[in-house]
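Now for the letters of each chain:
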Amino acid sequence: MFYLIVLMMVLLNAFPSFGSKYYVVERSRGALGVIENQTHTKDIKGLGDMNHAIVKYGKKYAYVISRNGILTKIDPCEDKTVSQAKAGKSSIDFDISKNLIVVSNYDPKTIVFFNHNLKSLKTINTGSRNVGIKFYRNFVISLLMDKNAVWIIDDKDFHVVKKIKNAGIMPFDAIRDDGRYLISFFVGNDIGILNLKDFTYKRISYGHTTGAILKIPHYGLFSVFGDYVLMPAVGERAVDVVDLKKESLVKKIKLLGYPVFVIVSPKKNLIAINYSGDKDDYLTFINPNTMKVVKNLKIARRVMHMRFSKDGNKLYVSDYFDDKVKILDVNNFKVLKEIPIPQPSGIFRLPSHILEGCHG
């Protein structure tokens, strides 16, 4: 037994665990709150208008885009700002490749390329609000919301190599899933599918929106589970389950309210959904294998966002009006801890390679 304990200690030292770390958008303070090992340790301030701010990660650094177009590079080891650049007046999304950062803007109607040191390299005027921006190999794919189009841009010389017109009415979000770029539309319950190998395009039409539209859903709002896409039905209290192989709606899961985010656990055993409107204090959980609701949980005064832990056993939840991030054990749906954070919104978990680099 003694030797077994010694061996276990050696293995633990050889493969250390660096705990968990999250950046949480603090809307009212223009900041990111730092949660490390379930404790609010610091705030990174001076980041701009943080309504719908997005955080993404490169090889060593974190980057955040504010709604008023401030792109910030952050040292995640020291949790401090390295540099900033102005990408636009109203920025909505961005993506990172090995060498580049690309930002999509509402205002001006542009796509802007930067290097990782935030030097501006190229601005492309699209004449449209731009969303759903994604890198794929040496290309950038972008949705032009006002032109119902998809543009494919070469990231070496920044020229548009293909324009897909009449892609669908008002595209507003996209997910890159393996060799597919999946598009959702604000008008009509359709899914656009761009084959990233040859850039061929088709659209699955499975219905039409008839309900009253409360608000446009957020970015990153839908999820892929195998060959199924779970789409919030715009203007309906439901999630549509679409079979990509059969190209048809296979189920409509009725919900308490109007869904915003639909996220799949890393364990692939649970789907979490939050709401806008009269049920924004609830979360709903679905079993993705049965596509049935397993739990409706009243947990907060307006759930703004949520993020699963790396192991999928916990869910970090933004309780906006109570100024807390709550940690939920999804195995028994009990709140494990409440962390004070002023007006928390988006929650972004730092990836393992960042944490390992900070402790290397």
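Before going into details, it helps to say that this report is about the structure given with it. Just so we're clear, the structure is a prediction, and the values are computed from it rather than from any experiment.

About the cut-offs
Residues numbered from 1 in each chain as written. Predicted model: local features only at pLDDT ≥ 70, side-chain atom pairs only at ≥ 80, totals over all residues. Heavy atoms only, no water. Helix = DSSP H or I, 4+ residues; strand = E, 2+ residues; numbered from the N terminus. Rg over C-alpha atoms; globule rule 2.2 N^0.38 Å. Buried < 20%, exposed > 50% of the residue type's maximum accessible area, 1.4 Å probe, protein only. Contact = heavy atoms within 4.5 Å. Areas by Shrake-Rupley, 256 points an atom, 1.4 Å probe, with all protein chains shown as cover. Patch = residues over 30% accessible without salt bridge, like charges linked within 9 Å, V, L, I, M, F, W, Y side chains within 5 Å. Salt bridge = Lys/Arg side-chain N within 4 Å of Asp/Glu carboxyl O. Lys, Arg positive; Asp, Glu negative; His and termini not counted. Charge placed at Lys NZ, Arg CZ, Asp CG, Glu CD. Phe/Tyr/Trp six-rings, centres within 6.5 Å; stacked < 30°, edge-to-face > 60°. Disulfide = S-S within 2.5 Å. Polar contact = N/O pair within 3.5 Å; in protein donor to acceptor, adjacent residues only side chain to side chain. Pairing = 2+ DSSP bridges. Axes fitted to C-alpha atoms, helices over the stretch in contact; angles between N-to-C directions. 1 Å grid on protein atoms, 1.4 Å probe; cavity = no way out; pocket = protein on both sides within 12 Å on 5 of 7 lines; lining within 4 Å. Points joined across faces, edges and corners; volume = space filled by probe spheres on them. Nonpolar A, V, L, I, M, F, W, Y, C, P; charged D, E, K, R; others polar.

Points about the overall build of the chain
So, step 1. From N to C terminus, the chain includes two helices and 32 strands.
So, step 2. Computed over its C-alpha atoms, the radius of gyration of the chain comes to 21 Å, within 12% of the 21 Å expected for a compact globule of 360 residues.
So, step 3. Its C-alpha atoms give the chain principal-axis dimensions of about 70 × 45 × 40 Å.
So, step 4. Considering the chain as a whole, with its 360 residues, one finds that 55% of them fall into the buried category.
So, step 5. Of the contacts made within the chain by residues no fewer than 6 positions apart, 40% connect residues no fewer than 24 positions apart.
So, step 6. When the accessible surface of the chain is split by element, carbon and sulfur atoms take 51% of a total near 15900 Å².

Notes on a positive patch on the surface
So, step 1. Residues K109, K147, K163 and K165 make up a contiguous surface patch of positive charge.
So, step 2. Relative to the elements of secondary structure, K147 occurs in the loop between strand 13 (139-144) and strand 14 (149-154).
So, step 3. On the basis of relative accessibility, which here comes to 42%, the residue K147 falls in the partly exposed class.

A few points about the packing of aromatic side chains
So, step 1. Within this structure, the stated rule accounts for six aromatic pairs.
So, step 2. An angle of 45° between the planes, with centres 4.6 Å apart, marks the rings of F113 and F158 as tilted. Of this pair, F113 sits in strand 10 (residues 110-115) while F158 sits in the loop between strand 14 and strand 15 (160-164), and the two are 45 residues apart along the sequence. Here F113 matches F158 in class, with each residue buried.

Quick notes on the state of the cysteines
So, step 1. Here the structure, examined in full by the defined rule, presents one disulfide.
So, step 2. A sulfur-sulfur separation of 2.2 Å characterises the disulfide bridge that pairs C77 with C358. As the torsion about the S-S bond is roughly -90°, the C77-C358 disulfide counts as left-handed. Within this pair, whereas C77 is found in the loop between strand 6 (70-75) and strand 7 (80-86), its partner C358 is found in helix 2 (residues 352-358), the two being separated by 281 residues in sequence.
So, step 3. For C358, a relative accessible area of 25% puts it in the partly exposed group.

Overview of the side chain of D243
So, step 1. Residue position: D243 is located in strand 22 (residues 238-243).
So, step 2. Although buried, D243 forms no salt bridge, and the nearest oppositely charged side chain, K246, lies 4.5 Å from it.
So, step 3. Separated by 3.0 Å, the side chain of D243 and the backbone nitrogen of K246 make a polar contact.
So, step 4. Setting aside its immediate chain neighbours within four residues, D243 contacts D227, Y228, S248 and V250.

Some words on the sheet that holds strand 21 (residues 228-232)
So, step 1. One open sheet accounts for four strands, arranged 20-21-22-23; its pairing is antiparallel. The sheet is open, and its two edges are formed by strand 20 (223-225) and strand 23 (248-254), each paired on a single side. Direction aside, neighbouring strands of the sheet carry axes that sit 25° apart on average.
So, step 2. Sheet analysis places strand 22 next to strand 23, joined by six bridges and oriented antiparallel.

Quick notes on unusual backbone geometry
Excluding glycine, residues mostly carry a negative phi; peptide bonds, for their part, are mostly trans.
So, step 1. With an omega of -5°, the peptide bond between D107 and P108 qualifies as cis.
So, step 2. Structurally, the position occupied by P108 is in the loop between strand 9 (100-107) and strand 10.
So, step 3. One non-glycine residue, F158, adopts positive backbone phi at about 65°.
So, step 4. Overall, F158 belongs to the buried group, its relative accessible area being 15%.
So, step 5. You will see that F199, though not glycine, has its phi angle at about 60°, which is positive.
So, step 6. Tracing the backbone through its elements, the reader meets F199 in the loop between strand 18 (190-195) and strand 19 (201-205).
So, step 7. Judged by relative accessible area, F199 falls into the buried class, the value being 12%.

Let's talk about empty space enclosed by the protein
So, step 1. Overall, the coordinates contain two cavities of 30 Å³ or more when judged by the stated rule.
So, step 2. If you trace the second largest cavity, you find 14 residues lining it, with S184, F185, M231, P232 and V234 closest to the centre.
So, step 3. Put simply, the parts of the chain that give the lining of the second largest cavity at least two residues each are strand 17 (180-185) and strand 21.
So, step 4. Taken together, the residues of the lining of the second largest cavity break down into nine nonpolar, three polar and two charged.

Observations regarding the sheet that holds strand 11 (residues 120-125)
So, step 1. Read across the sheet, four strands follow the order 8-9-10-11 without closing on themselves; strand pairing throughout is antiparallel. The open sheet has two edge strands, strand 8 (90-96) and strand 11, and neither has a second partner. Within this sheet the neighbouring strands show an average axis-to-axis angle of 20°, counted without direction.
So, step 2. When strand 10 meets strand 11, the two strands line up antiparallel, connected through five bridges. Note that in strand 11 the partner of V112 across the bridge is T123.

Points about the pattern of salt bridges
So, step 1. Counted according to the given criterion, the structure contains 20 salt bridges.
So, step 2. Where E26 meets R29, a salt bridge forms, and the shortest distance between an N and an O atom there is 3.0 Å.
So, step 3. We classify E26 as buried; its relative accessible area is 0%.
So, step 4. Residue classification places R29 among the partly exposed positions, given a relative accessible area of 39%.
So, step 5. The residue K156 makes a salt bridge to D155 at a minimum N-O spacing of 3.2 Å.
So, step 6. Using a relative accessible area of 61% as the deciding quantity, one classes K156 as exposed.
So, step 7. When its relative accessible area of 9% is taken as the criterion, D155 is described as buried.
So, step 8. Via salt bridges that share partners, D319, K324, K326 and E338 belong to a single interconnected network.

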